[in-house]
Amino acid sequence: MIARMVKSKSTFVGDMVFAVVCVIISLMCLIPMINLLARSLSGTDFLVKHQVYLLPKGLNFDAYTTVLGDPKYLKAFVWTLFLTLVSTLISLTMTTLCAYPLIFTKLKGRSVFNIIITITMFFSAGTIPNYLLMKDLNLLDNPLVLIIPSCLSVYNMIIMRSFFYGIPDSLREAAEIDGASYFRILWSVYIPLSKPVIATLALFYAVGRWNGYSDALMYMKNKDFYPLQLLLYNILNNINSVEVATQEGFSTPGLSESLKAAIVMFSTIPILCVYPFLQKYFIHGVTVGAVKE
Amino acid sequence: MSAIAKEQELVSSAPKERVKWVAYLKRYWQLYVLLFLPMLYLLVFKYVPMKYVLIAFKKYSIVQSIGEMPWADNHGMQYFIQAFQNKDFVNALRNTIVLNLLDLVIGFPIPIIFALILNELAFKRFKKVVQTIAYMPHFLSWVIIYGLAIQLFTPTSGLVNMFITKLGGQAIPFLNDPGKWVGTYIFLGIWQSFGWNSIIYLAAMAGISPELYEAASVDGAGRFSKMWHITLPGIRGTIVVLLVMALGNIIGSGFDRPFALQNNLVMQNAEVISTFVYKNGIKGLQFSLTTAVGLFQSIVGVVFLLFANWLARKLGERGIW
């Protein structure tokens, strides 16, 4: 571009100012995580004396050993991982089943289906009606309640449908002429071509399930089926009350401070490991349907 | 006579219609099979609950079916009246609106500004790294963010307060003082979402024709006048769509964020409708009252959305439909 080629001194200064602003913004995002990591790796004495900033002092892995040695955390971790995998698979299947038939303009009743879907985006019955439904379906305290009620997001379905619309009709028509069934066309034409959107929605569903805790809070009493985030919520609140107690002069719970940090770290890591690799896909997913030309 | 003719025509065409249908279904039945489970899901989990909304107008009883429950007093409106006489609900309603308005006024422009800055970054690699970092908070759960907030903001051992006291200041109770809590809540909301929300604006900016910028450069426009006169107008449609949706959500309240961040010391400012419903409904078993509250919230939400969209169209924008 011409503008980039004739670069004056003032645009260089401008570039630097914007770059510095971006560095500051990035630091604001990173510092809480760095601080967390430092605390989880620090020695009790340094934490009690409030000497830990961004680098661990008295480096040790005791907190992580405790977390990994305690079957309570490990079990919740494995259970949440399992839950996330299963519900992501089911959700992706349901989303595909819903999105694919709706791209056929010849489908009779298509507008009725679309209306059924659209209404749910604008009006929801609310927390208590949903709760009473779970109760009547005998889903309360049933681990399935963490999978089935959230197995289809209409927003995600719309993202997938928009992606399907973008696949040329000619591919489908060629398959139809070859006598392929609609199951077959979905399986052999649409799904192989839709890897970017499937990756995006898998990320959205998996993150939603991994991070979600309100359904377990409302529908689950059995602690064995608590997802990690709900367990973490309970732990943080107990430990937080200890922290209030400390201010009033009780003994300081040193290990619990680094332990707390280690548990938070432990429940964050899976997502932080995954999302950067899917970035180029989800950016497309977010913008589908939201940007009007 | 024409009526008879028509009738005859109908009679004779009926089998033909049926043949057409059979042929149609023979061809397309698979699509209906595929749609069966999603539609069943929507009917059971999105439409059946609407039946339970009737509880808002009835005296809830655990042993009776909805049909059998007696209507509430005051022509069924008893629980709506009761809600507005309930000090806690009125407070939760006020908090919901105040927190959402603050989110809107402070939080809405920030992703736009961030996207403008990113769009101006000359170093592509660096831009990518900044984006990856800025998207990160969106992937953290509110429980984890609460955990981070404790580490940053508690008066004695929080990182921020450690700095403040080291510099000779007084520790600030960011999480335990009702007024300061509101600031923390808004800040954490922005922190979590500004990067993610900037994606849409960046995509809209990528759609602006480069020729416009080139023409402006030829006319001697500087960087800021290009941002002001080309980039911002270029994403105006996107801004309006998102603004309409935000306005439609002004009385809505997610559950995860307020519930994770609130604590007993700040409840006067932190209780919102969703947490009120959870505590008084699922915990407190006042099903009729909380269903009424939920219904009120849903209806006001739809009205706000329609109004915002109407306003956008009135102002010459396209709105969301």
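What counts and how
- Residues numbered from 1 in each chain as written.
- Chains lettered and ligands numbered in written order.
- Predicted model: local features only at pLDDT ≥ 70, side-chain atom pairs only at ≥ 80, totals over all residues.
- Helix = DSSP H or I, 4+ residues; strand = E, 2+ residues; numbered from the N terminus.
- Buried ≥ 20, exposed ≤ 12 C-beta atoms within 10 Å, placed from the backbone.
- Contact = placed C-beta atoms within 7 Å.
- Core = buried A, V, L, I, M, F, W, Y, C linked by C-beta atoms within 7 Å.
- pLDDT = per-residue confidence, 0-100.
- Axes fitted to C-alpha atoms, helices over the stretch in contact; angles between N-to-C directions.
- Parallel < 35°, antiparallel > 145°, perpendicular 65-115°, else oblique.
- Left-handed = near helix turned anticlockwise from the far one by under 90°.
- Nonpolar A, V, L, I, M, F, W, Y, C, P; charged D, E, K, R; others polar.
- Domains from an automatic or database assignment.
- Arc of directions from axis to C-beta.

1. Focus: the overall build of chain B
Then, in step 1: Per the secondary structure count, chain B includes 15 helices and 0 strands.
Then, in step 2: When the backbone C-alpha atoms are referred to their principal axes, chain B occupies close to 95 × 65 × 40 Å.
Then, in step 3: By residue count, 37% of the 321 residues in chain B fall in the buried class.
Then, in step 4: A separation threshold of at least 6 residues defines the contact pool for chain B, and within that pool the share at least 24 residues apart is 63%.

2. A short note on the overall build of chain A
Then, in step 1: The helix and strand tally for chain A stands at 15 helices and 0 strands.
Then, in step 2: Evaluated residue by residue, chain A yields a buried proportion of 37% over its 293 residues.
Then, in step 3: A fraction of 71% describes how many contacts in chain A between residues 6 or more apart in sequence connect residues 24 or more apart.

3. Observations regarding the nonpolar core
The nonpolar side chains of soluble globular proteins are, as a tendency, buried together.
Then, in step 1: Residues Leu-232 and Ile-263 of chain A together with Val-143, Tyr-146, Ala-149 and Val-293 of chain B are the most contacted members of the largest nonpolar core, which totals 82 residues.
Then, in step 2: With 10 residues, helix α6 (residues 142-153) of chain B is the single largest residue contributor to this core.
Then, in step 3: With near-sequence residues (within four places) excluded, Tyr-146 of chain B lies in contact with Leu-236 of chain A together with Ala-260 and Leu-261 of chain B.
Then, in step 4: Ranked by size, the runner-up nonpolar core spans 53 residues in total, among them Phe-18, Leu-102 and Val-207 of chain A together with Ile-112 of chain B.

4. A word on the confidence of the model for chain B
Note: predicted coordinates in regions of low pLDDT should not be interpreted at a detailed level.
Then, in step 1: Across chain B, pLDDT averages 89, with 94% of residues at or above 70.
Then, in step 2: Confidence estimates for the predicted assembly give a pTM of 0.88 and an ipTM of 0.88.

5. Describing the packing of helix α11 (residues 236-248) of chain B against helix α15 (residues 287-314) of chain B
Residue and element names in this part refer to chain B.
Then, in step 1: The interhelical angle for the contact between α11 and α15, taken along N-to-C directions, is 150°, at an axis separation of 7 Å. With respect to α15, the element α11 is oriented roughly antiparallel. Where α11 crosses over α15, the two elements pack in a sense that is right-handed. Facing α11, whose interface residues are Val-240, Val-244, Leu-247 and Gly-248, α15 presents Gly-301, Phe-304, Leu-305, Ala-308, Asn-309 and Ala-312.
Then, in step 2: Along the lines of polarity and charge, the residues of the contact of α11 with α15 split into 7 nonpolar, 3 polar and no charged.

6. What about the domain arrangement of chain B?
Then, in step 1: Taken domain by domain, chain B holds domain 1 (2-46) and domain 2 (78-314).
Then, in step 2: Look at where the C-alpha atoms of domain 1 of chain B and domain 2 of chain B centre, and you get two points 47 Å apart.

7. Some remarks on the interface of chain B and chain A
Then, in step 1: In this complex, chain B contributes 79 residues to the contact, which on the side of chain A involves 78 residues.
Then, in step 2: Among the residues forming the side of chain B that touches chain A, the class breakdown is 55 nonpolar, 18 polar and 6 charged.

8. Thoughts on the confidence of the model for chain A
Then, in step 1: Across chain A, the average pLDDT comes to 85, with 89% of residues at 70 or higher.
Then, in step 2: Within the model, the stretch residues 1-6 of chain A combines pLDDT values under 50 with 7 contacts to residues more than four positions away or in other chains.

9. Focus on unusual backbone geometry
Residues and elements named next belong to chain B.
Then, in step 1: Positioned with a positive phi, Asn-74 is a non-glycine residue whose angle comes to about 50°.
Then, in step 2: Within the secondary structure, Asn-74 sits in the loop between α1 (2-52) and α2 (78-85).
Then, in step 3: The class for Asn-74 is exposed, based on 11 C-beta atoms found within 10 Å.
Then, in step 4: At His-75, a residue that is not glycine, the phi angle is positive and equals roughly 55°.
Then, in step 5: Position of His-75 relative to the elements: it lies in the loop between α1 and α2.

10. Thoughts on the packing of helix α11 (residues 195-211) of chain A against helix α15 (residues 279-287) of chain A
All names here are of chain A.
Then, in step 1: Interaxial distance between α11 and α15 falls to 8 Å at its minimum, and their mutual angle equals 85°. Taken as axis vectors, α11 and α15 run roughly perpendicular relative to one another. Residues Pro-196, Val-197, Ala-199, Thr-200, Leu-201 and Leu-203 of α11 form the contact with α15, whose participating residues are Tyr-281, Phe-282, His-284 and Gly-285.

11. So, the environment of Thr-184 of chain B
Then, in step 1: Within the secondary structure, Thr-184 of chain B sits in helix α8 (residues 178-206).
Then, in step 2: As for Thr-184 of chain B and Ala-149 of chain B, which are separated by 35 residues in sequence, their C-alpha atoms are 8.6 Å apart.

12. So, the environment of Tyr-64 of chain A
Then, in step 1: Assignment of secondary structure puts Tyr-64 of chain A in helix α4 (residues 62-69).
Then, in step 2: Along the backbone, Tyr-64 of chain A and Ala-262 of chain A are 198 residues apart, and their C-alpha atoms lie at a distance of 5.9 Å.

13. Side note on helix α7 (residues 159-166) of chain B
Residues and elements named next belong to chain B.
Then, in step 1: Those residues of α7 lying buried are Leu-159, Asn-161 and Met-162. One face of α7 carries all of its buried residues, which in axial projection span an arc of 165°.
Then, in step 2: Taken from the residues just after α7, Gly-168 is the one with a positive phi, measuring 95°.

14. Considering the environment of Ile-172 of chain B
Residue and element names in this part refer to chain B.
Then, in step 1: Looking at where Ile-172 falls in the secondary structure, it is placed in the loop between α7 and α8.
Then, in step 2: Classification of Ile-172 as partly exposed rests on a count of 18 C-beta atoms within 10 Å.
Then, in step 3: For the pair Ile-172 and Thr-154, spaced 18 residues apart in sequence, the C-alpha to C-alpha distance is 8.2 Å.

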